[in-house]
Amino acid sequence: MSTVSFVPETYELDTADAREALAEASISRVARDAFVRFRYADGFSFARSVAFQVVLTVIPGVIFLVALAVRLGEGRLRAVISTLIESLAPGPAGDMFRQAFSQGSSAASSGNVVAIVAGALAMLISAVTAMSQVQRGASRIYGIEADRPTVRRYGLATLLALTAGLLLSGAFFAIALGEPLQNAFSDEPSRVWALLRWPLGLVALGLGLAALFKAAPNRHQPGLAWLSTGSAISVLGWFLVSAALSWYLNASGTFGDTYGPLAGFIGLMLWAQLSAIAILYGLSFAAQLEAFRAGVGSPRDPEHIADEATDDRELVSV
């Protein structure tokens, strides 16, 4: 249950209002209160849930893409996927992904179309479930206990998976795995990709986060200009998480030796969870800034704080 203060819905907020609120607020205080809001809205639990579903999306996704490439006779696409897997998790850390690669090739070579379709459905279901958890976490961050009706929630989750999910995946491939993709092209396309991958990745990342921030909470959201500060924090957090984890995995020669075949799974799970935390914290910052604009003081719900104080006194008296 969320124990954070409710953020009143505000309307007609524009870029000037956002600048004014940022000028009046202490950024360090908003950042601190945003963390309190994130923590007491059970943000860490929602981040773990989202990360779990992301992993369940990635593994069937690799199998489906490889199987589709084999069925279509796209040898270059299959080679690119193989290169990306090696870049994502080199050495022993990539054993799990290479097994998924082999599984996809075998399923396609044996003509098992049913298995391929089942993998695609598993990928889609996991992605939709992840977006449903994002909706629930976003609502709790704004102090909203009620979820959308089931049909609306999963309908929106499907739409977000096919829009924001694809945009965020594209951003990951362009930014984090752009160099292996560049090496898979011939000279001229390689030069074009080298110039475009960062702008395209940043645009895809910004649009994907904007869609999540705008649509996920079960409330009326202000305009994108108002949400842009929280989005920027999420982008920065995602970059820091991805860069730090990449540096650690590359610098630590014992990671793959320690975890063996599970290293790829652990690395992917860790990246997915830290990324989910970065995204939900950015949303918490946007929510807390809007709460400040609406005159809401503490990020904690006063009634829950009073109940906790009463419980503490009863425990002491006992």
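Cut-offs and rules
- Every chain is numbered independently, its residues counted from 1 as its sequence is written.
- Given that the model is predicted, a residue must reach a pLDDT of at least 70 before its local features are reported, and side-chain atom pairs must reach 80 or more before they are shown or counted; all residues, however, enter totals for whole chains, interfaces and linings.
- Excluding hydrogens and water, the side-chain values take into account all heavy atoms of the structure.
- Helix and strand labels come from DSSP, where a helix needs a run of H or I of at least four residues and a strand needs a run of E of at least two; each type is numbered from the N terminus.
- Note on contacts: a residue pair is in contact if any heavy atoms of the two residues lie within 4.5 Å.
- The method behind every accessible area is Shrake-Rupley, applied with a 1.4 Å probe, and residues are considered shielded solely by the protein chains displayed.
- Think of a salt bridge as a Lys or Arg side-chain nitrogen and an Asp or Glu carboxyl oxygen that are within 4 Å of each other.
- Exposure classes here rest on a 1.4 Å probe applied to the protein chains alone. A residue is buried below 20% of its type maximum, exposed above 50%, and partly exposed in between.
- In this text, buried Ala, Val, Leu, Ile, Met, Phe, Trp, Tyr and Cys residues form a nonpolar core when linked through side-chain atoms within 4.5 Å.
- The quantity called pLDDT is the predictor's confidence in a given residue, expressed from 0 to 100.
- Any residue with relative accessible area above 30% and no salt bridge may belong to a patch, with like charges joined within 9 Å and the nonpolar Val, Leu, Ile, Met, Phe, Trp and Tyr side chains within 5 Å.
- For Phe, Tyr and Trp, rings pair up if their centres lie within 6.5 Å, where Trp contributes its six-membered ring, and each pair is then called stacked (planes under 30 degrees apart), edge-to-face (over 60) or tilted (otherwise).
- To estimate how far a helix should extend, the number of its residues minus one is multiplied by 1.5 Å.
- With axes taken as lines fitted to C-alpha atoms, and helix axes fitted only over the stretch in contact, angles between N-to-C directions fall between 0 and 180 degrees.
- Should an angle fall under 35 degrees it is called roughly parallel, over 145 degrees roughly antiparallel, and 65 to 115 degrees roughly perpendicular, with every other angle called oblique.
- In this classification, Asp, Glu, Lys and Arg are treated as charged, Ala, Val, Leu, Ile, Met, Phe, Trp, Tyr, Cys and Pro as nonpolar, and every other residue, Gly included, as polar.
- Of all possible arcs, the one meant is that of the directions from the helix axis to the C-beta atoms.

## A closer look at the overall build of the chain
Then, in step 1: Within the chain, the regular secondary structure consists of 14 helices and zero strands.
Then, in step 2: Reading the chain from its N terminus to its C terminus gives the helix and strand order α-α-α-α-α-α-α-α-α-α-α-α-α-α.
Then, in step 3: Within the chain, contacts between residues at least 6 apart in sequence are counted, and of these 80% link residues at least 24 apart.
Then, in step 4: Working note: accessible area of the chain is about 15700 Å², and carbon and sulfur atoms make up 65% of it.

## Considering the pattern of salt bridges
Then, in step 1: Evaluation of the coordinates by the stated rule reveals five salt bridges.
Then, in step 2: A salt bridge links Asp33 to Arg29, with the nearest nitrogen and oxygen atoms 3.6 Å apart. Of the two residues, Asp33 and Arg29 are both situated in helix 2 (residues 27–40); the distance of four residues between them amounts to about one turn of the helix.
Then, in step 3: Two residues, Arg140 and Asp147, come together in a salt bridge whose shortest N-O distance is 3.0 Å.
Then, in step 4: By relative accessible area, Arg140 is classed as buried at 7%.
Then, in step 5: Among the charged side chains, a network of salt bridges with common partners joins Arg136, Arg140, Glu145 and Asp147.

## Remarks on the nonpolar core
Then, in step 1: If you look at the biggest cluster of nonpolar residues, it comprises 60 residues, and the most contacted ones within it are Tyr142, Leu212 and Trp271.
Then, in step 2: Ranked by residue count, the leading element in this core is helix 13 (residues 263–293), at 15 residues.

## A few points about the confidence of the model for the chain
Then, in step 1: Mean pLDDT over the chain works out to 78, with 68% of the residues at or above the 70 mark.
Then, in step 2: Averaged pLDDT values over the elements of the chain bottom out at 46 in helix 14 (residues 302–317) and peak at 95 in helix 7 (residues 150–162).
Then, in step 3: Predicted confidence is poor over residues 306–318, with pLDDT under 50, and the contacts of this stretch with residues over four places away or in other chains come to one contact.

## Digging into a nonpolar patch on the surface
Then, in step 1: Side chains of Val192, Leu195, Leu196 and Leu200 sit close together on the surface and give an oily, nonpolar patch of about 380 Å² of accessible area.
Then, in step 2: Looking at the element boundaries, Val192 is found in helix 10 (residues 187–215).
Then, in step 3: Exposure remark for Val192: the relative accessible area of 38% places this residue in the partly exposed category.

## A closer look at the packing of aromatic side chains
Then, in step 1: Counted according to the given criterion, the structure contains four aromatic pairs.
Then, in step 2: Between Trp198 and Phe239, the aromatic rings sit 6.2 Å apart at their centres with planes inclined by 15 degrees, giving stacked as the arrangement. Pair noted here: Trp198 is in helix 10 and Phe239 is in helix 11 (residues 224–251), with a separation of 41 residues, a long-range link.
Then, in step 3: Relative accessible area serves as the criterion here: at 38%, Trp198 is assigned to the partly exposed category.

## Focus on the environment of Gln135
Then, in step 1: When you line up the elements, Gln135 lands in helix 6 (residues 113–141).
Then, in step 2: In contact with Gln135, other than residues within four places in its own chain, are Arg148, Arg153, Leu156, Ala157, Leu160 and Ala216.

## A look at helix 8 (residues 164–175)
Then, in step 1: For helix 8, spanning twelve residues, the distance from its first C-alpha to its last is 16 Å, which sits close to the expected 16 Å at 1.5 Å a residue.
Then, in step 2: Of the residues making up helix 8, those classed as buried are Ala164, Gly165, Leu168, Ala171, Phe172, Ala174 and Ile175.

## Quick word on the packing of helix 7 against helix 8
Then, in step 1: Interaxial distance between helix 7 and helix 8 falls to 3 Å at its minimum, and their mutual angle equals 25 degrees. With respect to their mutual orientation, helix 7 and helix 8 come out roughly parallel. In contact with Leu160, Ala161 and Leu162 of helix 7, helix 8 contributes Ala164, Gly165 and Leu166.
Then, in step 2: Class assignment of the residues belonging to the contact of helix 7 with helix 8 gives a composition of five nonpolar, one polar and no charged.

## Topic: helix 2
Then, in step 1: Here helix 2 is 14 residues long and its end C-alpha atoms lie 20 Å apart, about the 20 Å a rise of 1.5 Å per residue gives.
Then, in step 2: All of the buried residues in helix 2 are Val30, Asp33, Ala34, Arg37 and Phe38. The buried residues of helix 2 occupy an angular sector of 145 degrees when projected down its axis, which confines them to one face.

## Points about unusual backbone geometry
Then, in step 1: Phi angles above zero are rare outside glycine, and Asp42 is one such case at about 65 degrees.
Then, in step 2: You can see Asp42 is positioned in the loop between helix 2 and helix 3 (43–72).
Then, in step 3: For Asp42, a relative accessible area of 35% puts it in the partly exposed group.

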